[in-house]
Structure formats: structure tokens, C-alpha cells
Amino acid sequence: MSKVKVYIKNNQNAVKIPVKLRMLIRRCCQAVLTYENFQGNAEVSVSFVDNKEIRQLNKIYRDKDKSTDVLSFPLGENGHYDMNNETGAYLLGDVVISLETAVKQAYVYGHSLEREVGFLTVHSMLHLLGYDHETSPLDASIMHEKEEIILSSIGVSRDESFSDMN
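Residues numbered from 1 in each chain as written. Predicted model: local features only at pLDDT ≥ 70, side-chain atom pairs only at ≥ 80, totals over all residues. Heavy atoms only, no water.

Draft legend 1. Just the side chain of Gln30, in detail. Relative to the assigned elements, Gln30 resides in helix 1 (residues 19-35). Note on Gln30: relative accessible area 17%, which makes it buried. (Helix = DSSP H or I, 4+ residues; strand = E, 2+ residues; numbered from the N terminus. Buried < 20%, exposed > 50% of the residue type's maximum accessible area, 1.4 Å probe, protein only.)

Draft legend 2. Highlighting a nonpolar patch on the surface. On the surface, a cluster of nonpolar side chains totalling about 440 Å² of accessible area is made up of Tyr107, Val108 and Tyr109. If you trace the backbone, Tyr109 turns up in helix 3 (residues 99-109). (Patch = residues over 30% accessible without salt bridge, like charges linked within 9 Å, V, L, I, M, F, W, Y side chains within 5 Å. Areas by Shrake-Rupley, 256 points an atom, 1.4 Å probe, with all protein chains shown as cover. Salt bridge = Lys/Arg side-chain N within 4 Å of Asp/Glu carboxyl O.)

Draft legend 3. Geometry of unusual backbone geometry. We note that Asn37 has phi near 55°; this positive angle belongs to a residue other than glycine. On the basis of relative accessibility, which here comes to 56%, the residue Asn37 falls in the exposed class.

Draft legend 4. A look at helix 3. Regarding helix 3, the residues found buried are Leu99, Thr101, Ala102, Gln105 and Ala106. Viewed end-on, helix 3 has its buried residues packed into an arc of 150°, placing them on one side of the element. Along helix 3, the residues that are exposed and aim more than 90 degrees away from the buried face are Lys104, Tyr107 and Val108. Residues of helix 3 that are buried make contact with helix 1, strand 2 (42-49), helix 2 (51-62), strand 4 (90-98) and helix 4 (113-128). Just downstream of helix 3 lies Gly110, where phi reads positive at about 75°. (Arc of directions from axis to C-beta. Contact = heavy atoms within 4.5 Å.)

Draft legend 5. Up close: the sheet that holds strand 3 (residues 70-74). With respect to topology, four strands assemble into an open sheet ordered 1-2-4-3, the strand pairing being mixed. Looking at the sheet topology across the chains shown, the edges are occupied by strand 1 (4-10) and strand 3. With strand direction ignored, the average angle separating the axes of adjacent strands in the sheet is 15°. On the sheet, helix 1 packs against strand 1, strand 2 and strand 4 and is oriented at approximately 145° with respect to strand 1. (Pairing = 2+ DSSP bridges. Axes fitted to C-alpha atoms, helices over the stretch in contact; angles between N-to-C directions.)

Take a look at the structure:
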């Protein structure tokens, strides 16, 4: 089974990060690789930012002058990834999550911050593996189905809060 090393960095002060959130992110990353039958070990970087920083990144890299919930920066293309020569792990890319937006979305959707960040993490990991919901409605549907299956596999369903998980 593939293993994933997740580097998590907090670059914001707007939201206090719950203790279990880092473990959840690691579980989500591993669950995506397991579900996708990813061959080999991998590394991914996850950064927490505020709305101001994610807006700047969104403008620079996507030419969209607005904040968003999450951005994915894949390092691979067509299933080919650079390798960390020291560890032998594939470098999948970077995930940037606005915790400010995640808190707002969790409230709007009526679920926990952990459920929202879990969803954003799985969503971004699928982007790092080459999925793109913006190419067609079918691709969006496939990606959404995978997100829910993966989240359910680790006990994070739409109907359960993070505190209900084992």
C-alpha cells in the first residue's frame, strides 16, 4: 500500500486549528491514494491561509480576482510525477486551503469545519491526481462521486459530524 507524507503549514491567524484537523487531513490524503490505487509513496504539501492570501494566489494563477476555498497546484502531468530523490516518494503538489472560507462554508452547509476541510482536502487530492471538474458535467459528477465515497470510507459522511467519527 502506498504511503503519503503530508507537510502541513499554517500561514494564517484568522482561525484556530482544531487539534484533530491535521490527522484528518493526513487520513484524507491516504484515503484518496488508496481509493485510486496509487502506486508508490507520495508527498503533498497542505497550507492554511486567510482569504487575502488565497485571493492573491487565485488572481496570480487563475486570473480570478476573488477569494476561494481551496487551490490545487499539481506537480505532475498525465500520471507522471517528479520524485524526491532522498525519499523515493512522488511529489504530487500543493494544496492551499482558506480556513476563513472553510468556516463560512461549514456554517452554510450545516456541517462541521472538519467535514468541510476533509472535503476540500479530498477534492484537491483528486485534482493533484489529474481530475478536473471544470472540463465537463460528466467529469464533475465522477469527481463528486469519488469525493463522497472516499470521505465515507474514513467515516466522514454528509450526515455525520467529525465528533461522531470513531
